[in-house]
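Analysis of the macromolecular model
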Amino acid sequence: MSDHEQQQSAPRRGKVLEALARAERKVFTRPAPKSAKAQMKFLLTRAKGSTKALAERLGASRRTVERYRAGKLTTPQKRLQAALVEETESEWQPQVRAQARQQAATSTGMMVDVTAYFGFTCKDSSDDGRERSITTAISPTYAKQILELQDAGATEEDLHPIVAEAITESYFTDWGTRAAGLRADFTHVSKIEFRFLPG
């Protein structure tokens, strides 16, 4: 498979998945390695020294991995650079990330800041769908479901309904105290950010 074919076949993460990944990066207590050599060395320790396993993971050759580790190559092409950053950040400080996720799922929940087109379904509802910018808390119950779906490899389409339900609960029905039976759906997400809350 050529580099071009690999680039074409690599699935692009959607806005919700990207936002969850960014939220995790914000809880790091130390910055992740930045240079290609440092990233390669770090990822090799995570791959138990297997250049073959790391090469497959990055979509590169073993020789390429070895040359970056040795410092013979220093400036990766765009696709490899993106893979190095993503893989490094996904492996960096796993205990810190796990602690933030556990806290969100059991006690603090999360904050979400979203601009999207919201449509509604409700008995006797006359509220037409429109674009809204909303910042609201998400309960630990919904934070847990969202994070579990992310872990299970959910797609953007899988996550939209549960994120919409979470926003409906806190923002539109004020934690179930009004607008009983209202259901909001969102599409055309122009921006979304999640934030882990301190305990």
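The paragraphs below set out a description of the structure included in this document. (Residues numbered from 1 in each chain as written. Predicted model: local features only at pLDDT ≥ 70, side-chain atom pairs only at ≥ 80, totals over all residues. Heavy atoms only, no water.)

Looking at the pattern of salt bridges
Under the convention used in this document: Salt bridge, as applied in this entry: a Lys or Arg side-chain nitrogen positioned within 4 Å of an Asp or Glu carboxyl oxygen. Starting at the N terminus, helices and strands are each numbered in turn, a helix being any DSSP run of H or I of at least four residues and a strand any DSSP run of E of at least two. Exposed residues in this analysis have more than 50% of their type's maximum accessible area, buried residues have under 20%, and partly exposed residues fall in between, with area computed by a 1.4 Å probe over protein chains only.
Applying the stated criterion to the full structure yields 12 salt bridges. The salt bridge partner of R22 is E193, with a shortest N-O separation of 2.9 Å. Of this pair, R22 sits in helix α2 (residues 15-25) while E193 sits in strand β3 (residues 183-196), placing them 171 residues apart in sequence. The exposure class of R22 is partly exposed, given its relative accessible area of 27%. Between K144 and E148 there is a salt bridge whose closest N-O contact spans 3.2 Å. Here K144 pairs with E148, and both are found in helix α8 (residues 140-151), just 4 residues apart, close to one helical turn.

Thoughts on helix α6 (residues 78-91)
Condition: The span you would expect from a helix comes to 1.5 Å times its residue count less one. Every residue pair with non-hydrogen atoms within 4.5 Å of one another is taken to be in contact.
The end-to-end C-alpha separation of α6 is 20 Å, in line with the 20 Å expected for 14 residues at 1.5 Å each. Those residues of α6 that sit buried are L80, A83, L84, E87, T88, E89 and E91. Where α6 is buried, its residues touch α2, α3 (36-46), α4 (51-58), α5 (62-69) and α7 (94-108).

Section: unusual backbone geometry
The bulk of non-glycine residues show a negative phi, and the bulk of peptide bonds are trans. Of note, K48 is a non-glycine position whose phi angle comes to about 55°, a positive value. Here K48 is to be found in the loop between α3 and α4. Looking at K48, the relative accessible area reads 77%, which means it is exposed. Backbone geometry at Q93 places phi at a positive 45°, although glycine is not the residue there.

Quick notes on the packing of α3 against α6
Axes are the key here: two packed helices are described by the angle between their axes and the distance separating the axes. Under the convention used in this document: Orientation is described by lines fitted to C-alpha atoms, with helices fitted over the stretch in contact, and by angles between N-to-C directions that extend from 0 to 180 degrees. Working definition: roughly parallel below 35 degrees, roughly antiparallel above 145 degrees, roughly perpendicular at 65 to 115 degrees, and oblique for all remaining angles. A crossing counts as left-handed when the near helix is turned anticlockwise from the far one by less than a right angle, and as right-handed when that turn is clockwise. Each residue is assigned to one of three groups, with Ala, Val, Leu, Ile, Met, Phe, Trp, Tyr, Cys and Pro labelled nonpolar, Asp, Glu, Lys and Arg labelled charged, and all others, Gly among them, labelled polar.
One way to put it is that α3 packs onto α6 with a least axis distance of 10 Å and a crossing angle of 50°. In terms of their interaxial angle, α3 and α6 are classed as oblique. In terms of crossing hand, the pair formed by α3 and α6 is left-handed. Along its contact with α3, which presents A36, Q39, M40, F42, L43 and R46, the element α6 presents L84, V85, E87, T88 and E91. Within the contact of α3 with α6, the residues separate by chemical class into 6 nonpolar, 2 polar and 3 charged.

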